[in-house]
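Chain by chain, the residues:
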Amino acid sequence: MKALFLSLLTLIACSSAFATVNANSSWEEINATPYLNPKAPTVYMGRSIDYMMVCRNGDRLQTTKPVDITETRTYGDRQEIVVVGREILSTPIHYSLVQENCFSQGGQNSRTVCKKQRITGSYPMTVQVPVYQLLTPKRTYQQYRFTKSYTIPNCAGEPTPQ
């Protein structure tokens, strides 16, 4: 009973403490507020990178700081992920790639048919980011608070695109 009361008291305290942070608050305020968790979409640069971790460099998006480059190494029956370096990742804003799609043609003589398909697209420069409030210290439960617009900034030293 005491634990339930303390949990309820913590929830009420957190709710009132963060009531002033809302969709009109700056991203600096939101990111500095403990127990608020923005869930931004991702940009693919060989792996998924959070939109809030990239900047615009001309016609490319790049990470704002170097990220870990890892390898998975196997030692007998155990695997370990090892950091082998750090680098800035980047990708074109307007991308085009060829992907092979395979499917099975059923029937008595079933066979797999593969066709190459060109995929093109562009990463939007402004996205809508839902922000959640973490309700437990272990980040297990969260509650939707609001959605805020986020625009990818230019990298340091880059002019603003027209």
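Details of the structure are given in the entry above.
Predicted, not measured: the structure shown is a model, and the values here were computed from it.

About the thresholds
- Residues numbered from 1 in each chain as written.
- Predicted model: local features only at pLDDT ≥ 70, side-chain atom pairs only at ≥ 80, totals over all residues.
- Heavy atoms only, no water.
- Helix = DSSP H or I, 4+ residues; strand = E, 2+ residues; numbered from the N terminus.
- Buried < 20%, exposed > 50% of the residue type's maximum accessible area, 1.4 Å probe, protein only.
- Contact = heavy atoms within 4.5 Å.
- Areas by Shrake-Rupley, 256 points an atom, 1.4 Å probe, with all protein chains shown as cover.
- Pairing = 2+ DSSP bridges.
- Disulfide = S-S within 2.5 Å.
- Polar contact = N/O pair within 3.5 Å; in protein donor to acceptor, adjacent residues only side chain to side chain.
- Axes fitted to C-alpha atoms, helices over the stretch in contact; angles between N-to-C directions.
- Salt bridge = Lys/Arg side-chain N within 4 Å of Asp/Glu carboxyl O.

Moving on to the overall build of the protein chain. If you tally the helices and strands in the protein chain, you get 2 helices and 12 strands. Counting helices and strands in the order they occur from the N terminus, the protein chain gives α-α-β-β-β-β-β-β-β-β-β-β-β-β. Looking at the 162 residues of the protein chain, the share that counts as buried comes to 24%. Looking at the protein chain alone, contacts between residues at least 24 apart form 47% of all its contacts between residues at least 6 apart. Accessible area for the protein chain stands at about 11,500 Å²; split by element, carbon and sulfur atoms hold 53% of it.

Moving on, we come to the pairing of strand β10 (residues 111–122). Where burial is concerned, little of β10 is hidden: 1 out of the 12 residues are buried. The sheet contact formed by strand β9 (residues 94–105) and β10 spans 12 bridges and is antiparallel. By the bridge assignment, Ser104 is partnered in β10 with Thr112.

What follows is about the state of the cysteines. Applying the stated criterion across every chain, the model contains 2 disulfides. One disulfide bridge connects Cys102 with Cys114, the sulfur atoms lying 2.0 Å from each other. Its torsion about the S-S bond being 110°, the disulfide of Cys102 and Cys114 is classed as right-handed. Within this pair, whereas Cys102 is found in strand β9, its partner Cys114 is found in strand β10, the two being separated by 12 residues in sequence. If you count the bonded cysteines of the protein chain from the N-terminus, they pair up as 1-4, 2-3.

What follows deals with the environment of Asn22. Its place among the elements puts Asn22 in the loop between α1 (2–17) and α2 (27–32). The spacing of Asn22 and Val131 is 109 residues in sequence and 9.2 Å in space, taken between C-alpha atoms. Among the polar contacts made by the side chain of Asn22, one reaches the main-chain amide nitrogen of Asn24 at a distance of 2.7 Å.

A separate point is the sheet that holds strand β8 (residues 90–92). The strand order across the open sheet formed by 3 strands is β4-β5-β8, and the pairing between neighbours is antiparallel. Each edge of the sheet is formed by a strand with only one pairing partner; in this case those strands are β4 (54–57) and β8. Here the strands of the sheet are splayed against their neighbours by 25° on average, with no regard to which way each runs.

We now examine the pattern of salt bridges. Pairs may arise between side chains of opposite charge once their charged atoms sit close together. Enumeration over the complete set of coordinates arrives at 3 salt bridges. One salt bridge in this structure joins Arg73 and Glu71, with 3.3 Å as the shortest N-O distance. Arg73 sits in the partly exposed class, given a relative accessible area of 32%. For the salt bridge of Arg78 with Glu80, the shortest nitrogen-to-oxygen distance reads 2.9 Å. Among the residues examined, Arg78 registers a relative accessible area of 44% and is labelled partly exposed. The partly exposed category is assigned to Glu80, whose relative accessible area is 32%.

Turning our attention to the sheet that holds strand β12 (residues 142–151). As summarised here, the arrangement of the 3 strands in space is β1-β11-β12, forming an open sheet in which the pairing is antiparallel. Lying at the two open borders of the sheet, with one neighbouring strand each, are β1 (36–38) and β12. Ignoring which end each strand starts from, the neighbouring axes of this sheet average 25° apart. Both strand β11 (residues 126–134) and β12 contribute to a ladder of 9 bridges, which runs antiparallel. Across the sheet, residue Leu134 finds its bridge partner in β12, namely Gln142.

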